[in-house]
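Coordinate analysis (summary)
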Amino acid sequence: QTGSANTNPSDSADDEYITSVSIGTPAQVLPLDFDTGSSDLWVFSSETPKSSASGHVTYSPSKSSTAKKLSGSTWSIEYGDKSSSSGDVYTDVVTIGGFSVKTQAVESATKVSTQFVQDTVISGLVGLGFDIGNQVSPRPQKTWFSNAASSLAEPLFTADLRHQETGSYNFGFIDTSLAKGTIGYTPADGSEGYWGFTATGYSVGGAKLNRNSITGIADTGTTLLLLPDNIVDAYYNNVESAQYDDSQEGVVFDCDEDLPSFSFGVGGQTITISGDLLNLTPIEEGSSTCFGGLQSSSDIGINIFGDVALKAALVVFDLGNERLGWAQK
Ligand SMILES: CSC[C@H](NC(=O)[C@H](Cc1ccccc1)OC(=O)N1CCC(N)CC1)C(=O)N[C@@H](CC1CCCCC1)[C@@H](O)Cn1ccccc1=O
């Protein structure tokens, strides 16, 4: 069996990618953000304070004949950007891209932080990290993908995120026609709950790859490409108008600059992110100053190959072989 779901950028900056997920009987369809950096499926629900839930699609377990309360279970999570949520837990049928998991832990939010209240384009997250990262207590729950893996044709999924167009998450199969290049595989480290890997080197503007390895994570839930300062500096030294903007908390530059590409090596392949994928958006509507897609990871403590990097590739999250595959798109 397989599943295939379309995913769409949330706004002109490709800030998040939204995928429709069906929960319960009859189906309640919610727009969720798939996050390979975390391992909880949680949703805005009938239990979320009305003031917080306004503008969001919500899940009502009481309206689902297949919903069951997981009594005594609670959850609480905080993300890298300091957003957070918490609540209690139901099990229900969850269908993604036509594939159904009958008894999936659906974490219902009784509390959400301001960022989530304001982010009305999504009604929660589907964690696609490793089960060890699940935050339900007293008994951690499995992710939707972990529950699905044993029934899928192959225990893997692919992410094909695109700039300002519809992409896909495919489960149980690899559609190689989505990629131009060969898929290069490298071991994935799931010990921390997310998809860790090591890139073998990098280069700016099409130069030859150096051999400076970069250990980081493949994270669909992070917008930017977040790398060490020395790499960020090497890149922006090629951008005449680049400067650090305190209010934006990142490097900005003139929108009409011709940005160099950025390449990294992984699994024997070279993934090149074109300059225009690294020029995110004007810092404000109509501004001629743009915010960079490559920013520093120095105050995070982990390098993150987020959506800016994932958009350049077809990425295979291969749980069965504990490896990540990357192919140029
Ligand atoms: C340094 S991890 C920062 C990252 N959050 C972002 O990337 C947000 C995404 C966003 C964009 C627009 C509206 C709302 C949210 O966007 C920015 O922070 N941006 C984009 C816009 C820019 N102008 C400023 C910088 C982050 O916590 N991801 C987690 C998943 C997120 C949580 C928030 C909701 C969306 C999914 C997660 O995978 C990060 N993780 C990764 C590994 C381990 C733990 C962990 O927790």
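Please read these numbers as outputs of a predicted model, since none were measured by experiment.

1. A few points about the sheet that holds strand β14 (residues 201–204)
Taking strand neighbours across the sheet as the criterion, the three strands line up as β14-β19-β20 in an open arrangement whose pairing is antiparallel. Where the open sheet ends on each side, the last strands, each with one partner, are β14 and β20 (269–273). Pairs of neighbouring strands in the sheet enclose a mean axial angle of 20°, with direction left out of account.

2. Focus on the site of the ligand
Within the structure, the ligand sits among 21 residues, and D35, G80, D81, D219 and T223 are positioned closest to it. A distance of 3.2 Å separates a nitrogen atom of the ligand from a polar backbone atom of G221. T223 has a polar backbone atom sitting 3.1 Å from an oxygen atom of the ligand. Here the ligand loses 76% of its free accessible area of 880 Å² to cover by the protein chains. Every element with two or more residues in the shell around the ligand is listed here: β3 (28–35) and α2 (114–118). A breakdown of the residues in the shell around the ligand according to their chemical character gives seven nonpolar, seven polar and seven charged.

3. A look at the nonpolar core
Judged by nonpolar contacts, the single largest core of 72 residues is most densely connected at W144, F171, F262, F264, I273, F305 and W326. No other element matches the four residues that helix α4 (residues 229–236) contributes to this core. When sequence neighbours within four positions are dropped, the list of residues in contact with W144 reads L41, V94, I96, F99, V101, Q104 and F171. Membership of the second largest hydrophobic core comes to 16 residues, among which are I18, I77, A105 and V136.

4. Regarding the confidence of the model for the protein chain
Counting all residues, the mean pLDDT for the protein chain is 97, and 100% of those residues have values of 70 or more. Per-residue pLDDT, averaged within each element of the protein chain, yields its smallest value for strand β21 (residues 279–282) (90) and its largest for strand β4 (residues 41–43) (99). Quick note on the complex model: pTM equals 0.98, ipTM equals 0.99.

5. Details of the side chain of T143
With respect to the secondary-structure elements, T143 resides in the loop between β9 (136–137) and α3 (144–149). For T143, the side chain forms a polar contact with the main-chain nitrogen of S146, separated by 2.9 Å. When residues no more than four places from it in sequence are discounted, the contact partners of T143 are S39, Q104, G127, G129 and D131.

6. A word on the state of the cysteines
Every disulfide links exactly two cysteines, by a covalent bond between their sulfur atoms. Considering all chains together, one arrives at one disulfide under this definition. Through a disulfide, C255 is tied to C290; the S-S separation comes to 2.1 Å. Here the S-S torsion is close to 105°, and the disulfide linking C255 with C290 is therefore right-handed. Of the two residues, C255 is situated in the loop between β18 (250–254) and β19 (262–266) and C290 in strand β22 (residues 289–292); the sequence distance between them amounts to 35 residues.

7. With respect to unusual backbone geometry
At the junction of T25 and P26, the peptide bond is cis and its omega measures out at -10° in the coordinates. Position of P26 relative to the elements: it lies in the loop between β2 (17–23) and β3. Omega for the bond connecting S137 with P138 falls within 30 degrees of zero, at 5°, which places this linkage in the cis form. Its place among the elements puts P138 in the loop between β9 and α3. A positive phi angle is found at Q164, which is not glycine, with a value near 55°. Of note, Q164 is situated in the loop between β10 (156–160) and β11 (167–171). Of note in the backbone geometry, E249 takes a positive phi value of approximately 55° without being a glycine. By the element assignment, E249 lies in the loop between β17 (243–245) and β18. Given the relative accessible area of 64%, E249 is considered exposed.

8. A closer look at the sheet that holds strand β24 (residues 303–305)
Overall, mixed pairing links the five strands, which are arranged β13-β15-β24-β16-β23 in an open sheet. Looking at strand neighbours, the two that pair on one side only are β13 (196–199) and β23 (294–296), the edges of this open sheet. Ignoring which end each strand starts from, the neighbouring axes of this sheet average 40° apart. Across three bridges, the pairing between strand β15 (residues 214–218) and β24 is parallel.

9. Topic: a negative patch on the surface
Among the surface-exposed residues, D229, D233, D246, E249 and D299 lie close enough to one another that they form a single negatively charged patch. Along the polypeptide, D299 turns up in the loop between β23 and β24.

10. Quick look at the environment of S12
Following the sequence through the fold, S12 ends up in the loop between β1 (3–9) and β2. Owing to a relative accessible area of 51%, S12 belongs among the exposed residues under this scheme. Each C-alpha atom of the pair S12 and F99 lies 30 Å from the other, and the pair is 87 residues apart in sequence. Contacts of S12, omitting those with residues within four sequence positions, involve Q164 and T281.

Parameters at a glance
Residues numbered from 1 in each chain as written. Predicted model: local features only at pLDDT ≥ 70, side-chain atom pairs only at ≥ 80, totals over all residues. Heavy atoms only, no water. Pairing = 2+ DSSP bridges. Helix = DSSP H or I, 4+ residues; strand = E, 2+ residues; numbered from the N terminus. Axes fitted to C-alpha atoms, helices over the stretch in contact; angles between N-to-C directions. Near = heavy atom within 4 Å. Polar contact = N/O pair within 3.5 Å; in protein donor to acceptor, adjacent residues only side chain to side chain. Areas by Shrake-Rupley, 256 points an atom, 1.4 Å probe, with all protein chains shown as cover. Nonpolar A, V, L, I, M, F, W, Y, C, P; charged D, E, K, R; others polar. Core = buried A, V, L, I, M, F, W, Y, C linked by side-chain atoms within 4.5 Å. Buried < 20%, exposed > 50% of the residue type's maximum accessible area, 1.4 Å probe, protein only. Contact = heavy atoms within 4.5 Å. pLDDT = per-residue confidence, 0-100. Disulfide = S-S within 2.5 Å. Patch = residues over 30% accessible without salt bridge, like charges linked within 9 Å, V, L, I, M, F, W, Y side chains within 5 Å. Salt bridge = Lys/Arg side-chain N within 4 Å of Asp/Glu carboxyl O. Lys, Arg positive; Asp, Glu negative; His and termini not counted. Charge placed at Lys NZ, Arg CZ, Asp CG, Glu CD.

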